[in-house]
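As a plain string of letters, each chain reads:
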Amino acid sequence: MFMPTSTKPQNASASSVTDMLRKDHKNVKGLFEEFEQAEDATTKQRIVETALTELEVHSKLEEELIYPAIRAEIDDDDLMDEALEKHHVVHGLLVELKKMKPGDERYDAKFTVLAENVRLHIKEEESELFSMADGCEIDWEALCSRVVKRKEQLIAKTGATSKTSQDKASKRKKEDCRSLHKMGKPRNEPALGFPYSLVVGVRRGCGPEGDVETPQGNIHEMD
Ligand SMILES: [Fe+2]
């Protein structure tokens, strides 16, 4: 029997976006663990700087693009407001930490409290918000494309090119490329209606470099 086929890609879903956020969560939790093991001030400072940059980019993406898309679809303004308030608390700690250096009174304590807040927020977000997002009628493909482009802009804006970030990016690139090949998604193959590799590899360099638009203006100041 003839089955009509749609030309529109059907396989973009909530997980196209939430998997990317989960990966960010995993990275930042890894940095918190590294900080707990770190013994010298230089290492601590590098870890803190990297974590702050990752958190700034991640929270901007959620606040500007992802939360509004989900809020428009779910009938739970309280949940969304609470998520924003938790970001606000983390943001306050983040601003204070940016002005500090290792050895300052309560530097370690402040980063530890930041880590505790972020870990709790991640747990709630992954268990509650992401499962609600799964049921949302959102144009996930369009949202994912916007998130990928905005992430690239924010990374360029924050200059996330410290030695630590570069080292980590290089390591993750190798890991992500290996797992992409294992999953049978060859390099450059569009698997989700947009280059899959950009979703997992936007910061890792797995994707075809020409697919990410160069950021041109309209970048909000990171505050
Ligand atoms: Fe998040």
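Residues numbered from 1 in each chain as written. Predicted model: local features only at pLDDT ≥ 70, side-chain atom pairs only at ≥ 80, totals over all residues.

Draft legend 1. Representation of the confidence of the model for the protein. Looking at the protein, pLDDT values average 75 and 65% of them are 70 or higher. Here helix 7 (residues 196–201) stands out as the element of the protein with the lowest mean pLDDT, 33, in contrast to helix 2 (residues 41–71), whose mean of 96 is the highest. In this model, residues 1–10 is a region of pLDDT below 50 whose contacts with residues beyond four sequence positions or in other chains number 3 contacts. Here residues 160–164 scores under 50 on pLDDT; set against residues more than four positions off or in separate chains, the count is 9 contacts. (pLDDT = per-residue confidence, 0-100. Helix = DSSP H or I, 4+ residues; strand = E, 2+ residues; numbered from the N terminus. Contact = placed C-beta atoms within 7 Å.)

Draft legend 2. Molecular detail of the packing of helix 2 against helix 4 (residues 107–134). For the pair helix 2 and helix 4, interaxial distance at closest approach is 13 Å and the crossing angle is 30°. Taken as axis vectors, helix 2 and helix 4 run roughly parallel relative to one another. For the pair helix 2 and helix 4, the sense of crossing is left-handed. On helix 4, the residues that touch Val 48, Leu 55 and Ile 70 of helix 2 are Phe 111, Val 118, Leu 129, Met 132 and Ala 133. (Axes fitted to C-alpha atoms, helices over the stretch in contact; angles between N-to-C directions. Parallel < 35°, antiparallel > 145°, perpendicular 65-115°, else oblique. Left-handed = near helix turned anticlockwise from the far one by under 90°.)

Draft legend 3. Geometry of the packing of helix 1 (residues 14–37) against helix 5 (residues 140–158). Remark: helix 1 packs on helix 5, axes separated minimally by 8 Å, with the N-to-C direction vectors making an angle of 30°. It follows from the interaxial angle that helix 1 and helix 5 lie roughly parallel. Here Ala 14, Ser 16, Val 17 and Met 20 of helix 1 come into contact with helix 5, specifically with Trp 140, Leu 143, Cys 144 and Val 147. The class makeup of the residues in the contact of helix 1 with helix 5 is 7 nonpolar, 1 polar and no charged. (Nonpolar A, V, L, I, M, F, W, Y, C, P; charged D, E, K, R; others polar.)

Draft legend 4. Focus on the environment of Ser 16. Its place among the elements puts Ser 16 in helix 1. For the pair formed by Ser 16 and Glu 141, sequence separation is 125 residues and the distance between their alpha carbons is 7.7 Å.

Draft legend 5. Structural view of unusual backbone geometry. Positioned with a positive phi, Arg 106 is a non-glycine residue whose angle comes to about 70°. Residue position: Arg 106 is located in the loop between helix 3 (77–98) and helix 4.

Draft legend 6. Main features of the nonpolar core. Residues Val 17, Ile 66, Leu 143, Cys 144 and Val 147 are the most contacted members of the largest nonpolar core, which totals 17 residues. Of all the secondary-structure elements, those providing two or more residues to this core are helix 1, helix 2, helix 4 and helix 5. Among the elements that take part in this core, helix 5 stands out by supplying 7 residues, more than any other. Listed in part, the 12 residues of the second largest apolar core include Ala 51, Leu 55, Phe 111 and Val 118. (Core = buried A, V, L, I, M, F, W, Y, C linked by C-beta atoms within 7 Å. Buried ≥ 20, exposed ≤ 12 C-beta atoms within 10 Å, placed from the backbone.)

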